[in-house]
Amino acid sequence: MQRISAKLYVEDSSAVTPTAIIPVFHRWISDGAVEGLLIDVADYKHVPEGPGIMLIGHEGDYSVEYTDGVPAFRYERKRDRPSESELREQIHQVLRLTLIGANTLAENPDPHGPIGFRTDEVVVSIADRLRAPNTAENFESIKHEVEAAVAEIYGAVVETIERISEDARVPLGFRVRIDKAPALKELVGRVQTAAAS
Amino acid sequence: MSASNWKDALQGLMPDKLAHEIDIFQAQFELKRQGKIEDKVFAETRLRRGAYGQRYDNGQRHDGKQTRPLNFPCGDLTKGPDTVWDAPGMVRIKIPYGGMTPDRLEVMADCAEEYSDGILHVTTRQDIQLHFVHIDDTPDMMRRLASVNITTREACGNSIRNITGCPLAGVCKTESFDISPYAKAMMEFLLGHPDVQDFGRKFKPAFSGCDDEACGLVWMHDAGYVAKVNAEGQRGFKVVVGGGLGAVPHQAKVLSEFTPAEELLPQIQAISRVFARLGEKKNRNRARIKFLVAKLGIDEFRRLVEEERKTLPHDDRWTAFLKDIPDHFTKPLKDAVELTISAKDKPEGFDEWASTNLYKQRQDGYYVVTIALPLGDFTSQQARGLADVVRKYVGEDVRTTVEQNLVLRWVSEADLPKIYNELQAIGLAQGGANTILDLVACPGTDTCKLGIAASRGLAGELRTRLLGKYGELPEPIKKLHIKMSGCFNSCGQHHVADIGFYGNSRKIGNHTVPHFQVVLGGQWEHNAGSYGLACGSVPSKAIPAVIDMLTEGYLKNRQDDERFGAYIDRLGKKQVRELLKPFMEVPDYTEDPSYYTDWGDPREFTIGDMGVGECAGEIVSVFSMEASKAESIAFDAQIELEEGSFAKADELAYKAMVKAAQALVRTQFQDITDDPDDIVAQFRSRFYDTELFFDKYAKGKFAEMLFNRHDNPPASPDKDQAHHQIEEAQLFIEACYACDMRLSASPIGGGV
Ligand code: HEM
Ligand code: SF4
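Residues numbered from 1 in each chain as written. Chains lettered and ligands numbered in written order. Predicted model: local features only at pLDDT ≥ 70, side-chain atom pairs only at ≥ 80, totals over all residues. Heavy atoms only, no water.

## Section: the overall build of chain B
The number of helices and strands found in chain B is 23 helices and 26 strands. For chain B, the spread of C-alpha atoms along the three principal axes comes to 80 × 70 × 55 Å. Taken across its 752 residues, chain B has 63% of its residues classed as buried. Of the contacts formed within chain B by residues at least 6 apart in sequence, a portion of 71% connects residues at least 24 apart. Accessible area of chain B: about 28,200 Å², with a carbon and sulfur share of 49%. Distance between charge centres in chain B, computed from 91 positive and 110 negative side chains, equals 2 Å. (Helix = DSSP H or I, 4+ residues; strand = E, 2+ residues; numbered from the N terminus. Buried < 20%, exposed > 50% of the residue type's maximum accessible area, 1.4 Å probe, protein only. Contact = heavy atoms within 4.5 Å. Areas by Shrake-Rupley, 256 points an atom, 1.4 Å probe, with all protein chains shown as cover. Lys, Arg positive; Asp, Glu negative; His and termini not counted. Charge placed at Lys NZ, Arg CZ, Asp CG, Glu CD.)

Right, here's the structure in full:
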């Protein structure tokens, strides 16, 4: 797929100031704090409901973005990995990096205090208008892959999964709500162990 | 969807020629991988197709502490000299006269989302740019754009660039006629034309509907066209050539007071041939047409163009387009209906927005709506929302502007509150269009390889500050234009702003401090009728305070309705310099380290990412002392220029250059004499012939300015010449500073 992304919303919008994210992302580059080749920080905080502050990478971009009006942590995979041939595996990896990235930010010693993320709602998007245009059929068929990838990591039941938009121009998107979702730290513990094993 | 790739999926939707060209472009990737295409050739191929390089694409980046390699998986594979294949690049999409349609907007939005970072950026020449694009994605992206008849071809490279035009064309109150179909015809005629393939440098045309307003900025373009109707009612253009901003700004010269519309295309063809034949090819720093016009003189240039015109073989396309020119190039979708809404039913904020973002069209009952984009950026999601608004209220037409905004035309008065609400819902109803809030900035160090200082960082900071107090700003201040560029190349068009800035840097102790040169009193009106002059370099972090000082002074001391430019002229550069002086101080690093970082970028400032080594050594204080003398001589030259003593101004500017050269020579040869011949000769052998003076991009450009003036002193320089000499002196001095900085530096960190 051209682009696959996942995002988590913050618990408290007022805990996030975009300006404070910029030095954090720069530090991530210096420290190699998250996976992937990290290139630069792009500042779009002036754009209303925009991509916010982005950490541009080679394999994917991390961001604290505002596209739904509320700050969210997002990871978007830009390049397929040859080793991940199955869509479910690709979604799994994107979720994994989203969780780890969000947790790295949550644990960041930020002057504005810790940022918490809700884990009971995840948004997965696929921007690939050639292979996965936003149609009802594609939603139905890919939904199971998304559900399975989420359930696997969460070890919990997916409560609902909604199509984000019926506008065919918008990327295919899934809003996933999870019942009794484990906390971020626990989820990260799982994906890290899974990756190590 | 059955096709497994875009090439098959879009078969039949792309114009054959474009489709074929894109296939060839893609095939060249494979040849490049196999080492069968040279780096330089591949780079030019890519540039001509609109795929530009971007900062850090040499595979390294300074993180504030050290330069680190960016280990892209492609290894040694490059897409140009010193340009790593995998490194993200910029794609420039050509938008002739800024004209877009909802369909095109949507495809660009798709491309931004799938290949870039979800942001569409409007440039100061009405193009759309996408950043952080991988070269492997560009052929598919070009196919998708081609399917709605958009090309990135010749958006970069040495060819005819985008043709700009007033966004109000067809609806403006002061225009002679709608220039859009003429600009479109010229674009179509010249795209890929054999006569425009052999330029030494890029060529940028612009169209304007009238003389007085700023929209077309024709005087700062390689070729500018102002619509005119002659006494017989015939349509045509006043044609000016040889203008340009860049390092040395030139005002264009009048080639013809009236060129009939029938002659528009053959004339540009003749101009192109003369430029291709006589324009400089070897030295790209003197290759723009402005240098040719300056060298030949406008009369000789005109004669050559007229001669050339006579020899051109007839081409039906010269006049074919005239038959199709409709009376109204764009028409309203809806009838003009008066707005009868009562005050209490008006949406909140509507009146304030309407006071700055609406323009009453020539046609009764219709308005132009300006969508003010912060720093020229909007998202894919906003682009789709906008496409809906366009279809619903105006049909087809939405345009980009040189102020990095968008406009909707032919909006019926009754629809204004509804449009406002709908734009508000997609975050596109920001007020303050064409006011001090409407800042213009080139990409600067965010993405441009040549950037020295963070023009977008500065613009973002100023915007935040101005937004906070916009309501209380007095009217004369609201009306000011502020523009900034990240370096002297002037992509942000700072020369034509009331208050302009361009980035440079100064070495203080062991550190480098980002600065902006303050350029005041440029004119936006009359199609960029006059340029501002540099008044002094101020640390980036002091710029907001400089703006406060300048605007407060203007408010307090202006006479009657005096414009800002006139006020600055009245004060004189000397006085302005005095005003700036207190802001030029840089506090010690230990006292205020914030001065040593740039706006929006917490890394300790460096110019290392431009390809120049980092500095850690001691400064050569002898150099700084002498170089600052050179600066003050250059400053005196400006004073002479203001007082109308052009010969003196020219002479002083030259002396300033010699002084700066001497300062540099002294770092190697303590006993250098004061004799200019001696200094220039020493400078040449020690710094030019050895290429020590050369920087990665400008090479020997600025040294040649010194040699030129030394070898060919003008007999009786006029105002233009004196002005250029001063600009050149300033650039030369800057380059001496940069050279000293490089030479006194010892590279640190890996990979330099
Ligand atoms: C890699 C990035 C870029 C490079 C290397 C670059 C280089 C240059 C150079 C060398 C000049 C001076 C040309 C001359 O007059 O001789 C120039 C002028 C200019 N560029 Fe760029 N540029 C870049 C990006 C941009 C961007 C992103 C924009 C638009 C936002 C832009 C718009 C302009 C304009 C408007 C001018 C000057 C006006 C004129 O003479 O037409 N450039 N650029
Ligand atoms: S003015 Fe300089 S920094 Fe800005 S875009 Fe042009 S070349 Fe780059």
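## Digging into the sheet that holds strand 11 (residues 205-208) of chain B
Residue and element names in this part refer to chain B. Taken together, 5 strands build an open sheet; the order of strands is 10-11-12-13-14 and the sheet is mixed. Both outer strands of the open sheet, strand 10 (164-165) and strand 14 (253-260), are each paired with one neighbouring strand and no more. Bridge count for strand 10 against strand 11 is 2 bridges, and the pairing is parallel. Paired with G165 across the bridge in strand 11 is F207. This element, helix 6 (residues 180-190), spans strand 11, strand 12 (223-229) and strand 13 (235-241) of the sheet and lies at about 165 degrees to strand 11. (Pairing = 2+ DSSP bridges. Axes fitted to C-alpha atoms, helices over the stretch in contact; angles between N-to-C directions.)

## Here we look at the domain arrangement of chain B
All names here are of chain B. Under the domain assignment, chain B is made up of domain 1 (6-146), domain 2 (172-324), domain 3 (343-425), domain 4 (438-457 + 473-609) and domain 5 (617-752). Inter-centroid distance (C-alpha atoms) of domain 1 to domain 3 is 31 Å. Between domain 1 and domain 3, the residue contacts involve 23 residues of the former and 24 residues of the latter. For the pair domain 1 and domain 3, the two sides together bury roughly 1,900 Å², of which 56% comes from carbon and sulfur. Where domain 1 meets domain 3, there are 3 salt bridges. (Domains from an automatic or database assignment. Buried area = accessible area lost by both parts, 1.4 Å probe. Salt bridge = Lys/Arg side-chain N within 4 Å of Asp/Glu carboxyl O.)

## Some thoughts on the side chain of T356 of chain B
Residue and element names in this part refer to chain B. Along the chain, T356 turns up in helix 11 (residues 350-357). For T356, a relative accessible area of 17% gives the class buried. Among the polar contacts listed, one links the side chain of T356 to the side chain of N357, at a separation of 2.6 Å. Setting aside residues no more than four positions away along its own chain, T356 makes contact with G431, G432, A433, N434, T435 and Y470. (Polar contact = N/O pair within 3.5 Å; in protein donor to acceptor, adjacent residues only side chain to side chain.)

## Regarding unusual backbone geometry
Residues and elements named next belong to chain B. Although it is not a glycine, L375 sits at a positive phi angle of roughly 55 degrees. Among the structural elements, L375 can be located in the loop between strand 16 (366-371) and strand 17 (377-379). Note on L375: relative accessible area 5%, which makes it buried. One non-glycine residue with positive phi stands out, namely S490, at about 70 degrees.

## Points about the site of ligand 2
Neighbouring residues of ligand 2: C442, P443, G444, C448, L450, G451, S485, G486, C487, N489, S490 and C491 of chain B. The class makeup of the residues in the shell around ligand 2 is 6 nonpolar, 6 polar and no charged. (Near = heavy atom within 4 Å. Nonpolar A, V, L, I, M, F, W, Y, C, P; charged D, E, K, R; others polar.)

## Describing the site of ligand 1
Residues and elements named next belong to chain B. Around ligand 1, a shell composed of 22 residues is seen, among which Q129, K204, R288, P443 and C491 lie nearest. With respect to ligand 1, the side chain of R288 contributes an N or O atom lying 2.7 Å from an oxygen atom. The residue inventory of the shell around ligand 1, partitioned by class, reads 6 nonpolar, 9 polar and 7 charged.

## Remarks on the coordination of the iron atom of ligand 1
Coordination of the iron atom of ligand 1 by the protein comes from a single atom, C491 of chain B (SG), at 2.4 Å. Within the element layout of this structure, C491 of chain B appears in the loop between strand 21 (482-485) and strand 22 (499-508). (Donors = N, O, S within 2.8 Å, 3.2 Å for Na, K, Ca; no water.)

## Some points on the packing of helix 6 of chain B against helix 7 (residues 264-278) of chain B
All names here are of chain B. Where helix 6 meets helix 7, the closest approach of the two axes is 10 Å, and the angle between their N-to-C directions is 45 degrees. If you check the angle between helix 6 and helix 7, you find them oblique. As for how helix 6 packs across helix 7, the hand of that crossing is right-handed. Counting all contacts with helix 6, which are made through Y182, A185, M186, F189 and L190, the residues of helix 7 involved are L264, L265, I268 and Q269. Looking at side-chain class alone, the contact of helix 6 with helix 7 contains 8 nonpolar, 1 polar and no charged residues. (Parallel < 35°, antiparallel > 145°, perpendicular 65-115°, else oblique. Left-handed = near helix turned anticlockwise from the far one by under 90°.)

## Looking at the interface of chain A and chain B
On the chain B side, the residues contacting the 32 residues of chain A number 47 residues. A per-residue breakdown of the area chain A buries against chain B is headed by R129, L130 and R169 of chain A, which together make up 22% of the total. Summed over the shared surface of chain A and chain B, the number is 6 salt bridges. A salt bridge links R129 of chain A to D110 of chain B; its shortest N-O distance comes to 3.0 Å. Listing elements by their share of the side of chain A that touches chain B, those giving two or more residues are helix 1 (18-31), strand 2 (38-44) and strand 3 (52-57) of chain A. It is strand 2 of chain A that contributes the most residues to the side of chain A that touches chain B, 6 residues altogether. Across the side of chain A that touches chain B, the residue classes break down as 17 nonpolar, 6 polar and 9 charged.

## Focus on the pattern of salt bridges
Tallied over the entire structure, the rule returns 73 salt bridges over all chains. For E162 of chain A, the salt bridge goes to R177 of chain A, with nearest N and O atoms at 2.9 Å. Placement of E162 of chain A in strand 7 (residues 158-163) and of R177 of chain A in strand 8 (residues 172-178) is noted, with a sequence separation of 15 residues between them. By relative accessible area, E162 of chain A is classed as partly exposed at 36%. Given a relative accessible area of 28%, R177 of chain A falls into the partly exposed group. Of the charged contacts, one joins D377 of chain B and R456 of chain B as a salt bridge, the two residues approaching to 2.7 Å between their closest N and O atoms. Of the two residues, D377 of chain B sits in strand 17 while R456 of chain B sits in helix 14 (residues 455-469), which places them 79 residues apart along the sequence. This pair shows no difference in class: D377 of chain B is buried, exactly as R456 of chain B is. Connected through salt bridges with shared partners, the residues R3, K7, E65, D68, R74 and E76 of chain A form a single ionic network.

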